[in-house]
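Examination of the molecular architecture
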Amino acid sequence: MAKMEVKTSLLDNMIGVGDMVLLEPLNEDSFINNLKKRFDHDEVYTYIGSVVISLNPYRPLPIYTPEKVEEYRNRNFYELSPHIFALSDEAYRSLRDQDKDQCILITGESGAGKTEASKLVMSYVAAVCGKGAEVNQVKEQLLQSNPVLEAFGNAKTVRNDNSSRFGKYMDIEFDFKGDPLGGVISNYLLEKSRVVKQPRGERNFHIFYQILSGASEDLLCKLKLEQDFSRYNYLGLDSAKVNGVDDAANFRTVRNAMQIVGFMDHETQSVFEVVAAVLKLGNIEFKPESRVNGLDESKIKDKNELKEICELTGIDQSVLERAFSFRTVEAKQEKVSTTLNVAQAYYARDALAKNLYSRLFSWLVTRINESIKAQTKVRKKVMGVLDIYGFEIFEDNSFEQFIINYCNEKLQQIFIELTLKEEQEEYIREGIEWTHIEYFNNAIICDLIENNQTGILAMLDEECLRPGTVTDDTFLEKLNQVCATHQHFESRMSKCSRFLNDTSLPHSCFRIQHYAGKVMYQVEGFVDKNNDLLYRDLSQAMWKASHSLIKALFPEGNPAKINLKRPPTAGSQFKASVATLMKNLQTKNPNYIRCIKPNDKKAAHIFNDALVCHQIRYLGLLENVRVRRAGYAFRQAYEPCLERYKMLCKQTWPHWRGPARAGVEVLFSELEIPEEEFSFGRSKIFIRNPRTLFKLEDLRKQRLEDLATLIAKIYRGWKCRTRFLLMKKSQIVVASWYRRYAARKLLRELKHQKRCNEAATIIAAYWRGTQPFYIPFPNASQARRELRRLKEEARNKHAIAVIWAFWLGYKARRELRRLKEEARRKHAVAVIWAYWLGLKVRREYRKFFRANAGRKIYEFTLQRLMQKYFLEMKKKMPSLSPIDKNWPARPYLFLDSTHKELKRIFHLWRCKKYRDQFTDQQKLIYEEKLEASELFKDKKALYPASVGQPFQGAYLEISKNPKYKKLKDAVDEKIIIAEVVNKINRANGKATSRIFLLTKNNVLLADQKSGNIKSEVPLGDVTKVSMSSQNDGFFAVHLKEGSGAAGKGDFLLSSDHLIEMATKLYRTTLSQTKQKLNIEISDEFLVQFRQDKVCVKFIQGSQKNGNIPTCKRKNNRLLEVAVP
């Protein structure tokens, strides 16, 4: 199999130009031709700097495989050919490594592939982030939320078989490692009008067709549904079936996805019951009927459908029937019930269906958020993915298209702002001079729509809230008056002469010049859709349902929570949601995917130049390229630039030892590139003209060919030399072995010849020695025989020696084998014996092992865990502040009591350390504060405000003020507290200022002006202090009956420092009398005034003099204190 070609760079082996910033020449025609050339070769992604242009291929392509995911993982953005995975990887790595929150904005027309792009981004992030059972579960839940939301929020339109009819923004939350923790989904303006009516050639939401096609017979029976689409008025029949879409299989996918996300079985069943109820609401039909008083009313034709709806939802049939026939209007204390005619009844039915489905969808989003939200409270990194409806221009454009296009205007505005801001910030950051670029700013269009005084939405809200007759025509008239002179607003009735001759514009329409082109809106339905009213009778009927989900969807139906305030309009709600979205996006680092639809036929291999040109214009892509090329078309960090082009200079090749910037400077100087063609930033090289970059690429390509030739030459030389050296080494080895063999052979022959000569000599000697006299041989043959005999004898002797040697060797080897076998047997016996002894010992001590080993292991493990626990605690100890409530989390469940006890001991210890820093005076103050806490905490409403106020005691400074010299001389004891109080007159409840003095033994009241002592009460005569539980400063000092000071009765006083006075009085009395003073806290108590007992009662009431409590004598037995 031929190996697949791998593109190693944005500039290598590229079809067309991968980055439009490098397009030369740059104009609209070359831009479109480049896109078309790449589209024809299945290259559906192209860059504009860091922006990805995505063309919808309308067919599956083999470029989203797991191998592709691995190919783009952890790679530089420009390192490989343009791909949505490159942008996803760049965003994910910036979030993970640089701790920057990211958002991916996917925009484009309906049918341009935005939903698929968002799913590809999420699937890539899920594939490259961490692994693990918990992480995988989170990833699976995030991914499976898409099929659920698509089923309930997407529908087939004339431009897209899977068009998102709602806006979705998902924040995916990650931990510090880059592993997903959960997510949060926000939805924007579901197109609920589609529930009751669809344009020709379009379908209702997918879920209706999926249930009817894929649900089992048993489920359909429970839902009281039939598979026949024609049975339901809310389902358009002209496009009920979509080619290539299997609704039954999709229904199974949705059910499985709901289970994975975390829906319980009863929740899933409840959702399907609500969907079935919405579907059956469309079958309710009404007939007119006249009443006796002449008013028209409506009646339901066939009540079977109503009965089945009530059985599904658990609503009383008579209640729902009345809600369809009557409307109750409440104004303050009045209720007016009016009948509904047939048109109004149909409106009420459709309004209920739309609200029921819309609220179900919002509940689904909330329920999914509960399942996928992050379970931990640690700091999270966030990646937002925005998949929102694209710009829409239909044959009939209504309120929904107006709102959708307004949202796209805001997205275009933030795209322009953030793109220019990012470009300008980079130039400033790099120290490059910024060149201003002229571009179209659509802020004027956004202001036309959203201005709080003269905006179209403001005018629409004003009309909806205006009393009197309000119609769509009156709304259009108001627009003609306010917006007539606006350059982007057109109307046939406009007073501006430019539009008087525009006969193509109907009377009931207005036209807005959007950034994407002119769109004509029909005002019919604007007021009703903006009001989005649901009769209160229907809300209350839904709340009375026994179906728990339906009841939860209509909380305003609760009679106990009736709110007569008019609910916010749909336009104002959406405007606020868009503002929140824009604010959220501006806090994150943006990444853009600009989706383009190549044709209107939803067909592959078709590229419509005019359609693409229109989208390029309104998306402002050429302006984006010009912004990127504002002065410099290409920029790259010094390190990758030097790495790519270092072979073009001898000084930088093959290795540059200095800083990367210095290397690039040497490189560009060596290549003699004009200085006006580039600039050096702080971390990047900026190249002005694409031709300079292409020149560098041509030089690099030529140099790579030269280097390839050089490398091939060196390799071939190395290979031949290596082979030669190997052969030379082999020849030397073979020659040496041969010489050794030849020498040994010659040696053996010489030895043999020598032995033969020696044998002949010896034989001759022996022969001569045996003859006493020399007798010559009778002939030569006798001598030869004798020689043969001697040789035979010598060979026999040698054979005997060899055989004997072999025999001895055999005996030795046999003996050795025997000894080895014996040794092995002895070792085996020893091993077996050892195992046997071990077995016996284990059997003997098994009971002890079972009894003690587990405990020993447990104690050892426990000891190690405790050691680890204390070491971890040492590192994570909180501060020594007593109010610091932080405490490390408990690592092990069995340490729960220990953990709590340690926390208590540590808190007591640091409290002691903190107390040891106090002086005696500070200790006294804190003791008084503690006493006040025990006396008044959770009892007196005034107490919390006194906690932060220091107890001063001497508020009047009697010893320093000459005005009180007479009073100072009269009191010879230490003054504990001196404060001005209000003494309540017993007769009329009016207050008189008095000086309240508390000494070690007495309580004194003196005149504030003269300083004369009016009353002096020993502490022993004070029996009780009474006060209310409310936020006032009144208190009564009860005196002992029969004492000298009790002649005029008890004292009823009012003070701004009640808590301090009561605390000091309590402590001083306890110190002197050794008895606790009774502190009574009650909103009613009795006070002795001379001979009469008067009840002091505290009530809540509004005050004429602000928040100051007032006292008033109601009768002889009642004194009433009004407290705010």
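Reading guide: rules and limits
- Residue numbers run consecutively from 1 along every chain, following the written order of its sequence.
- For a predicted model such as this one, the threshold for reporting local features is a pLDDT of at least 70, and the threshold for listing and counting side-chain atom pairs is 80 or more; totals across whole chains, interfaces and linings nevertheless cover every residue.
- For side-chain calculations, the full set of non-hydrogen atoms in the structure is used, while hydrogens and water are omitted.
- Per the convention used, a helix needs a DSSP run of H or I reaching at least four residues, while a strand needs a run of E reaching at least two, with both numbered from the N terminus.
- Just to be clear, the radius of gyration here is over C-alpha atoms, and the globule rule we use is 2.2 Å times residues to the power 0.38.
- Whether a residue is buried, partly exposed or exposed follows from its accessible area with a 1.4 Å probe, protein chains only, as a fraction of its type maximum: under 20%, in between, or over 50%, in that order.
- Contacts between residues were defined by any pair of non-hydrogen atoms, one from each residue, lying within 4.5 Å.
- The Shrake-Rupley method, run with a 1.4 Å probe, gives the accessible areas here. Residue values count only the displayed protein chains as cover.
- All tallies of charge rest on Lys and Arg as positive and Asp and Glu as negative; His and the ends of each chain are not included.
- Throughout, a charge is located at the NZ atom of Lys, the CZ atom of Arg, the CG atom of Asp or the CD atom of Glu.
- A fitted line through C-alpha atoms serves as each axis, taken over the contacting stretch for helices, and the angle formed by two N-to-C directions is quoted from 0 to 180°.
- Convention used here: angles under 35 degrees read as roughly parallel, angles over 145 as roughly antiparallel, angles from 65 to 115 as roughly perpendicular, and any remaining angle as oblique.
- Rotating anticlockwise by less than a right angle from the far helix to the near helix defines a left-handed crossing, while the corresponding clockwise rotation defines a right-handed one.
- Lys, Arg, Asp and Glu make up the charged group, whereas Ala, Val, Leu, Ile, Met, Phe, Trp, Tyr, Cys and Pro make up the nonpolar group; the residues left over, Gly among them, are polar.
- Strands qualify as paired when DSSP identifies two bridges or more between them.
- What makes a salt bridge here is a side-chain nitrogen of Lys or Arg within 4 Å of a carboxyl oxygen of Asp or Glu, nothing more.
- Aromatic pairing here means that ring centres of Phe, Tyr or Trp (its six-membered ring) are within 6.5 Å. Orientation follows from the plane angle: under 30 degrees is stacked, over 60 is edge-to-face, and everything else is tilted.
- Only Lys NZ and Arg CZ are tested; either one counts as a charge over a ring when it is within 6 Å of the ring centre and within 35 degrees of the ring normal.
- Put simply, a nonpolar core is a bunch of buried Ala, Val, Leu, Ile, Met, Phe, Trp, Tyr and Cys residues held in one set by side-chain atoms that sit within 4.5 Å of each other.
- Cavities and pockets were defined on a 1 Å grid built over protein atoms only: a cavity is a set of grid points that admits a 1.4 Å probe from which the probe cannot escape, a pocket is an open set flanked by protein on both sides within 12 Å along at least five of seven lines, and lining residues are those with an atom within 4 Å of any such point.
- Grid points are joined across faces, edges and corners, and a volume is the space filled by probe spheres set on the points.
- Distance thresholds for patches are 9 Å for like charges and 5 Å for nonpolar side chains (Val, Leu, Ile, Met, Phe, Trp, Tyr), applied to residues having over 30% relative accessible area and no salt bridge.
- How sure the predictor is of each residue is captured by pLDDT, a score from 0 to 100.

1. A look at the overall build of the protein chain
- When you go through the protein chain residue by residue, the secondary structure sums to 31 helices and 31 strands.
- Computed over the C-alpha atoms, the radius of gyration of the protein chain is 50 Å, more than 25% above the 32 Å expected from 2.2 N^0.38 for a compact globule of 1124 residues.
- The principal-axis extents of the C-alpha atoms in the protein chain amount to approximately 185 × 100 × 75 Å.
- Across the 1124 residues that make up the protein chain, the buried fraction comes to 46%.
- A separation of at least 24 residues holds for 64% of the contacts in the protein chain among residues at least 6 apart in sequence.
- Approximately 61500 Å² of the protein chain is accessible, and the part contributed by carbon and sulfur atoms is 53%.
- Of note, the protein chain has its 181 positive side-chain charges centred 12 Å away from the centre of its 137 negative side-chain charges.

2. Observations concerning the packing of helix α5 (residues 133-153) against helix α8 (residues 247-261)
- The interhelical angle for the contact between α5 and α8, taken along N-to-C directions, is 135 degrees, at an axis separation of 8 Å. Considered as vectors, α5 and α8 are oriented oblique to each other. Crossing geometry of α5 relative to α8 is assigned as left-handed. Touching Glu140, Gln141, Gln144, Ser145, Pro147, Val148 and Ala151 of α5 are Thr253, Val254, Ala257, Met258, Ile260 and Val261, all from α8.
- A breakdown of the residues in the contact of α5 with α8 according to their chemical character gives eight nonpolar, four polar and one charged.

3. Regarding the packing of helix α23 (residues 638-645) against helix α24 (residues 660-671)
- Between α23 and α24, whose axes approach to 9 Å, the crossing angle comes to 45 degrees. Judged by the angle between their axes, α23 and α24 are oblique. For the pair α23 and α24, the sense of crossing is left-handed. Residue-level inspection shows Tyr638, Glu639, Cys641, Leu642 and Tyr645 of α23 in contact with α24, the latter providing Ala660, Arg661, Gly663, Val664, Leu667 and Phe668.

4. Details of the pairing of strand β21 (residues 991-999)
- Pairing of strand β20 (residues 975-984) with β21, which is carried by nine bridges, proceeds in the antiparallel orientation. From the neighbouring strand, Ile975 faces β21, where its bridge partner is Thr999.
- Across five bridges, β21 lies against strand β22 (residues 1002-1007) in antiparallel orientation. Bridge pairing links Phe996 to Leu1005 in β22.
- Counting the residues in the hairpin turn of β21 and β22 gives two residues.

5. Observations regarding the sheet that holds strand β17 (residues 634-637)
- The three strands lie next to each other as β17-β19-β18, forming an open sheet whose pairing is antiparallel. The open sheet is flanked by β17 and β18 (678-680), the only strands paired with a single partner. The mean angle between the axes of side-by-side strands here comes to 15 degrees, regardless of whether they run parallel or antiparallel.
- The pairing of β17 with strand β19 (residues 684-687) spans four bridges and is antiparallel. By the bridge assignment, Phe634 is partnered in β19 with Ile687.
- Along the sheet, α23 makes contact with β17, β18 and β19, crossing β17 at roughly 95 degrees.

6. With respect to the pattern of salt bridges
- By the definition in use, this model includes 58 salt bridges.
- Lys299 is the partner of Glu297 in a salt bridge, and the nearest nitrogen-oxygen pair spans 4.0 Å.
- The closest approach of N and O atoms between Arg904 and Glu901, which form a salt bridge, is 2.4 Å. Residue Arg904 and its partner Glu901 are located together in helix α27 (residues 896-916), separated by three residues, close to a single helical turn.
- Look at Arg904 and you get partly exposed, because its relative accessible area is 43%.

7. Section: the pairing of strand β6 (residues 167-174)
- The element β6 is largely enclosed, with a buried count of eight among its eight residues.
- Going residue by residue along β6, you find Gly167, Tyr169, Asp171 and Glu173 tucked away on one face and Lys168, Met170, Ile172 and Phe174 tucked away on the opposite face as well.
- Pairing geometry for β6 and strand β7 (residues 180-188), over eight bridges, is antiparallel. Bridging across to β7, Lys168 finds its partner in Asn187.

8. Quick word on the sheet that holds strand β14 (residues 509-514)
- Ordered by their spatial adjacency, three strands build an open sheet running β13-β14-β15, and the pairing between neighbours is antiparallel. In this open sheet, the two edge strands, each paired with only one partner strand, are β13 (489-491) and β15 (517-522). On average, each strand axis in the sheet is inclined to that of its neighbour by 25 degrees, with strand direction left out of account.
- Here three bridges tie β13 to β14, and the two strands are oriented antiparallel to one another.

9. Overview of the packing of aromatic side chains
- Going through the model one piece at a time under the given rule, you end up with 35 aromatic pairs.
- Measuring from ring centre to ring centre gives 5.7 Å for Phe489 and Phe510, while their planes differ by 25 degrees; the resulting arrangement is stacked. Residue Phe489 is found in strand β13, and its partner Phe510 is found in strand β14; the two are separated by 21 residues along the sequence.
- A relative accessible area of 0% places Phe489 in the buried class.
- For Phe510, a relative accessible area of 0% corresponds to the buried category.
- One aromatic cluster is present, formed by Phe399, Phe402, Phe475, Phe489, Phe510, Tyr521 and Phe526 through successive ring pairs.
- Here Arg203 stacks its cationic end above the ring of Tyr209, 4.0 Å away from the centre of that ring.
- A cation sits over an aromatic face here: Arg322 above Phe326, 4.4 Å from the ring centre.

10. Quick notes on the nonpolar core
- Residues Phe31, Phe152 and Leu320 are the most contacted members of the largest nonpolar core, which totals 203 residues.
- Residues contacting Phe152, with those up to four places away along its chain left out, are Leu190, Phe205, Ile207, Val271, Val275, Tyr357, Leu360, Phe361 and Leu364.
- Core analysis: the second largest hydrophobic core is formed by 31 residues, Ile977, Met1061, Leu1065 and Tyr1066 among them.

11. Focus on empty space enclosed by the protein
- Counted by the stated rule, this structure contains five cavities of 30 Å³ or more.
- Taken as a whole, the largest cavity spans an internal volume of roughly 70 Å³.
- Lining of the largest cavity is provided by 13 residues; of these, Ser110, Lys114, Asn160, Ser163 and Ser164 occupy positions nearest its centre.
- Counting residues per element, the ones that place at least two in the lining of the largest cavity are α4 (114-128) and β5 (163-164).
- Here the residues of the lining of the largest cavity sort into one nonpolar, nine polar and three charged.

12. Comments concerning a nonpolar patch on the surface
- A surface patch of nonpolar side chains, about 430 Å² in accessible area, is lined by Trp804, Trp807, Leu808 and Tyr810.
- Structurally, the position occupied by Trp804 is in helix α26 (residues 780-875).

13. Remarks on a positive patch on the surface
- On the surface, Arg740, Arg744, Lys745 and Arg748 cluster together into a patch of positive charge.
- Assignment of secondary structure puts Arg744 in helix α25 (residues 690-770).
- Its relative accessible area of 44% is what places Arg744 among the partly exposed residues.

14. Notes on the confidence of the model for the protein chain
- For the protein chain, per-residue confidence averages 83 on the pLDDT scale, and 93% of positions sit at 70 or higher.
- For residues 1-8, every residue scores under 50 in pLDDT, and the model assigns this stretch ten contacts once sequence neighbours within four places are set aside.
- Taken as a whole, residues 773-777 scores under 50 in pLDDT and shows three contacts with residues more than four places along the chain or in a different chain.

15. So, the side chain of Glu1060
- With respect to the element layout, Glu1060 can be found in helix α31 (residues 1058-1073).
- Summary of buried charges: Glu1060 has no salt-bridge partner, and the nearest side chain of opposite charge, Lys1064, is 4.3 Å away.
- Among all residues touching Glu1060, those that are not within four sequence positions of it are Pro950, Phe951, Gln952, Gly953, Tyr955 and Ile977.

16. Overview of helix α15 (residues 456-465)
- Burial within α15 is extensive, with eight of its ten residues counted as buried.
- When α15 is considered as a whole, its buried residues turn out to be Ile456, Leu457, Ala458, Met459, Leu460, Asp461, Glu463 and Cys464.

17. Overview of the side chain of Gln1030
- Following the sequence through the fold, Gln1030 ends up in the loop between β24 (1022-1027) and β25 (1034-1039).
- For Gln1030, a relative accessible area of 9% gives the class buried.
- Excluding residues that lie within four positions of it along the chain, Gln1030 makes contacts with Lys940, Ala941, Leu942, Asp1083, Phe1098, Ile1099, Gln1100 and Val1123.

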